[in-house]
Amino acid sequence: MTKAGWWMISRERLAGYVLLLLALSLQDWTPLLLYVLGMLGRDHLRASRHLERGK
Amino acid sequence: MQRLADVQAVRDNNFNLLRFLAALLVIFSHSYPLALGNSSSEPLRQWLGVTYGSLAVDAFFVISGYLVLQSWQRQQLLLNFCRARVFRVLPALAGVLLFSILLGGYFSSLSLPSYLLHEETWKYFYKNLLMLKTEYRLPGVFADLPYPEVINGSLWTLRYEMKMYLGLAVLGLLGLLSGRGFRVFLLVYLGWYVLASWALHSRPDLDISAEMLRLSLCFVLGAACAHYARYLFLRLDVLLGLLLMAWLSVGSPLFQSLAALCIAYGVLYLAYVPKGWLLHFNRLGDYSYGLYLFAFPIQQALKAVWPGLQPWPMFVYAALLTLLCAIVSWHLIEKPALAYAQRRNAASRARLSQAAALS
């Protein structure tokens with residue numbers, strides 16, 4: 001088994017880093033809020049798909 | 001000599017008592033500007049250049065960083081983390097905003113219907129609840145007091161608190177709160193802190209928030225203590241050494257950082273080392289948040305009713321009246337809200353483990 005390097009990041013994390021940089025450069029927390037809301041939405045979708053498969 | 005990691009899991013600690021004392025310190029500190037119109041006569045300000053209130057708020061942020069990082073590591077779902085934070089902060093905040101609006105209705109120079117239907121009244125409620133912007137004014141309320149037109153001057157820290165939670169969630173999602181990631185974050189943060197502190201003093205055109213700098217340092221120090229608990233020993237000589245260093249740095253640019261370090265270590269030392277009868281305090285509820293939230297409007301109302309009120313009597317009367325409100329808030333609002341969030345989180349965790357077992 002090969003160990004993943006720290007540079008091998010998922011698209012979601014990449015989006016997170018981009019939004020973090022955006023938030024820092026704009027000095028505005030809205031991009032971070034959007035990111036957390038987006039991740040909550042992702043979790044919700046995953047959970048509903050999982051439930052559908054389980055039925 | 002105790003290692004922090006060994007006592008971290010002990011639930012019978014002094015955090016409730018420390019938060020309670022910090023909330024009382026905030027009430028004491030606010031008594032000076034609210035009774036006299038300025039905080040220059042606040043005892044600690046005359047002595048160290050900072051107020052008891054600001055040190056107490058620093059302690060709140062250290063405790064918050066320390067406990068919230070552990071909460072993040074404990075929660076298995078982002079939703080659970082967000083739910084725990086939202087149900088801790090917002091229900092009591094909604095309660096104090098409604099309480100302030102009702103109190104303002106009594107003291108407002110407007111008639112009750114025009115006060116209640118005034119746009120500013122509802123702006124005060126929803127902007128503060130959603131933390132879009134801290135609104136201090138209610139129409140026609142407390143306009144003639146020594147500290148005029150401010151209903152609740154304590155609300156400003158809640159926006160910073162929520163920003164810290166948001167930042168922590170993002171760092172967690174980016175994998176920066178565990179292992180090597182935390183080290184990278186800490187180095188980047190400390191680099192930013194040093195640069196921003198320098199810029200705060202020498203480049204006023206850059207518009208750097210001194211509050212964000214100070215409170216984020218306290219929060220990050222608390223989180224770092226939770227993360228590196230294995231390497232941290234709680235020793236009285238270290239605490240005294242830090243106190244001495246902070247004392248010697250009074251008046252220098254290093255004071256803020258050393259004071260934050262001292263508060264962080266001192267809070268953790270006092271939370272875990274003193275035992276015995278102090279722990280009985282945990283049998284009571286956690287009244288600190290209610291004390292912090294309700295005190296300011298009560299202090300302003302006392303000054304409006306009793307214009308000659310001086311700081312010390314204001315502190316005593318306000319502390320007693322606020323404690324009543326805090327007890328009601330804890331038992332009727334905060335405790336049920338927390339219990340609800342815990343039930344929902346337990347159900348989410350159960351669903352998660354069920355799904356893991358199925359797949």
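## Structural notes on the interface of chain B and chain A
Interface size is commonly expressed as the accessible surface area that is lost when the partners come together. Facing the 16 residues of chain B at the interface are 14 residues of chain A. Across the chain B/chain A interface, buried area totals approximately 1,500 Å², and carbon plus sulfur atoms make up 78% of it. Area buried by chain B at its contact with chain A is led by Leu166(B), Leu173(B) and Leu174(B), which between them contribute 39% of it. Where chain B packs against chain A, one counts zero salt bridges. For the pair chain B and chain A, the interface holds two residue pairs in polar contact (both at pLDDT 80 or more). Examining the composition of the side of chain B that touches chain A, we find that six residues originate from one element, helix H8 (residues 156-173) of chain B, more than from any other.

## Topic: the packing of helix H2 (residues 15-36) of chain B against helix H4 (residues 52-74) of chain B
Residue and element names in this part refer to chain B. Look at H2 against H4: their axes get within 8 Å of each other, and the N-to-C directions meet at 150 degrees. Considering the angle they form, H2 stands roughly antiparallel to H4. The handedness of the crossing between H2 and H4 is left-handed. Across the interface between the two elements, Phe-15, Leu-18, Arg-19, Ala-22, Ala-23, Leu-25, Val-26, Phe-28 and Ser-29 of H2 pack against Tyr-52, Gly-53, Ala-56, Val-57, Phe-60, Ile-63, Tyr-66 and Leu-67 of H4. A per-class count over the contact of H2 with H4 returns 14 nonpolar, two polar and one charged.

## Structural notes on the pattern of salt bridges
As enumerated under the stated definition, the model contains 14 salt bridges over all chains in all. Across the pair Arg42(A) and Asp43(A) runs a salt bridge whose closest N-O atoms are separated by 2.8 Å. Assessed through its relative accessible area of 21%, Arg42(A) is described here as partly exposed. A salt bridge links Asp286(B) to Arg88(B); the shortest N-O distance between them is 3.3 Å. With a gap of 198 residues between them, Asp286(B) in the loop between helix H12 (255-272) and helix H13 (288-305) and Arg88(B) in helix H5 (residues 78-107) connect regions that are remote in the sequence. Assessed through its relative accessible area of 9%, Asp286(B) is described here as buried. One continuous salt-bridge network, built from bridges that share partners, spans Glu12(A), Arg42(A), Asp43(A) and Arg46(A).

## Considerations on H12(B)
For H12(B), built from 18 residues, the straight-helix expectation of 26 Å at 1.5 Å per residue is met to within 8% by its first-to-last C-alpha distance of 26 Å. In terms of burial, H12(B) is a largely internal element, 14 of the 18 residues being buried.

## Re the packing of H4(B) against helix H10 (residues 210-227) of chain B
All names here are of chain B. H10 packs onto H4 with a crossing angle of 40 degrees between their chain directions and a minimal axis gap of 7 Å. Regarding the angle of H4 to H10, the classification is oblique. Here the hand of the crossing between H4 and H10 comes out right-handed. In this structure, H4 contributes Ser-54, Val-57, Asp-58, Phe-61, Val-62, Ser-64, Gly-65, Tyr-66, Val-68, Leu-69, Gln-70 and Gln-73 to the contact, and H10 contributes Arg-214, Leu-215, Cys-218, Phe-219, Gly-222, Ala-223, Cys-225, Ala-226 and His-227. Among the residues forming the contact of H4 with H10, the class breakdown is 12 nonpolar, seven polar and two charged.

## Let's talk about the nonpolar core
Formed by 123 residues in total, the largest nonpolar core has its most connected members in Val36(A), Leu4(B), Phe61(B), Leu78(B), Leu93(B), Tyr272(B) and Leu293(B). Not counting residues up to four positions away in its chain, the partners in contact with Leu93(B) are Asn128(B), Leu129(B), Met131(B), Leu155(B), Leu158(B), Tyr289(B) and Leu293(B).

## Points about the environment of Met212(B)
As for its position among the elements, Met212(B) is in helix H10. Placed 57 residues apart in sequence, Met212(B) and Leu155(B) show a C-alpha to C-alpha distance of 15 Å. Once you skip the residues sitting within four places of it in the chain, Met212(B) turns out to touch Trp29(A), Tyr160(B), Lys163(B) and Met164(B).

## Focus: a nonpolar patch on the surface
Residue and element names in this part refer to chain B. A surface patch of nonpolar side chains, about 810 Å² in accessible area, is lined by Leu-98, Leu-112, Leu-116, Leu-117, Trp-122, Tyr-126, Leu-130 and Leu-132. Elements supplying a minimum of two residues to the nonpolar patch: helix H6 (112-116) and helix H7 (119-129). Its place among the elements puts Leu-117 in the loop between H6 and H7.

## Some remarks on helix H11 (residues 236-248) of chain B
All names here are of chain B. Over its 13 residues, H11 runs 18 Å from end to end, which matches the ideal 18 Å to within 8%, given 1.5 Å per residue. Turning to H11, its buried residues are Leu-239, Leu-242 and Ala-246. The buried residues of H11 all sit within an arc of 65 degrees when viewed along its axis, so they share a single face. Turned more than 90 degrees away from the buried face of H11 sit Leu-244 and Leu-248, all of them exposed. Tucked into the core, H11 has its buried residues touching H12.

Rules behind the numbers
- Residues numbered from 1 in each chain as written.
- Chains lettered and ligands numbered in written order.
- Predicted model: local features only at pLDDT ≥ 70, side-chain atom pairs only at ≥ 80, totals over all residues.
- Heavy atoms only, no water.
- Contact = heavy atoms within 4.5 Å.
- Buried area = accessible area lost by both parts, 1.4 Å probe.
- Salt bridge = Lys/Arg side-chain N within 4 Å of Asp/Glu carboxyl O.
- Polar contact = N/O pair within 3.5 Å; in protein donor to acceptor, adjacent residues only side chain to side chain.
- Helix = DSSP H or I, 4+ residues; strand = E, 2+ residues; numbered from the N terminus.
- Axes fitted to C-alpha atoms, helices over the stretch in contact; angles between N-to-C directions.
- Parallel < 35°, antiparallel > 145°, perpendicular 65-115°, else oblique.
- Left-handed = near helix turned anticlockwise from the far one by under 90°.
- Nonpolar A, V, L, I, M, F, W, Y, C, P; charged D, E, K, R; others polar.
- Buried < 20%, exposed > 50% of the residue type's maximum accessible area, 1.4 Å probe, protein only.
- Expected span 1.5 Å × (residues − 1).
- Core = buried A, V, L, I, M, F, W, Y, C linked by side-chain atoms within 4.5 Å.
- Patch = residues over 30% accessible without salt bridge, like charges linked within 9 Å, V, L, I, M, F, W, Y side chains within 5 Å.
- Areas by Shrake-Rupley, 256 points an atom, 1.4 Å probe, with all protein chains shown as cover.
- Arc of directions from axis to C-beta.

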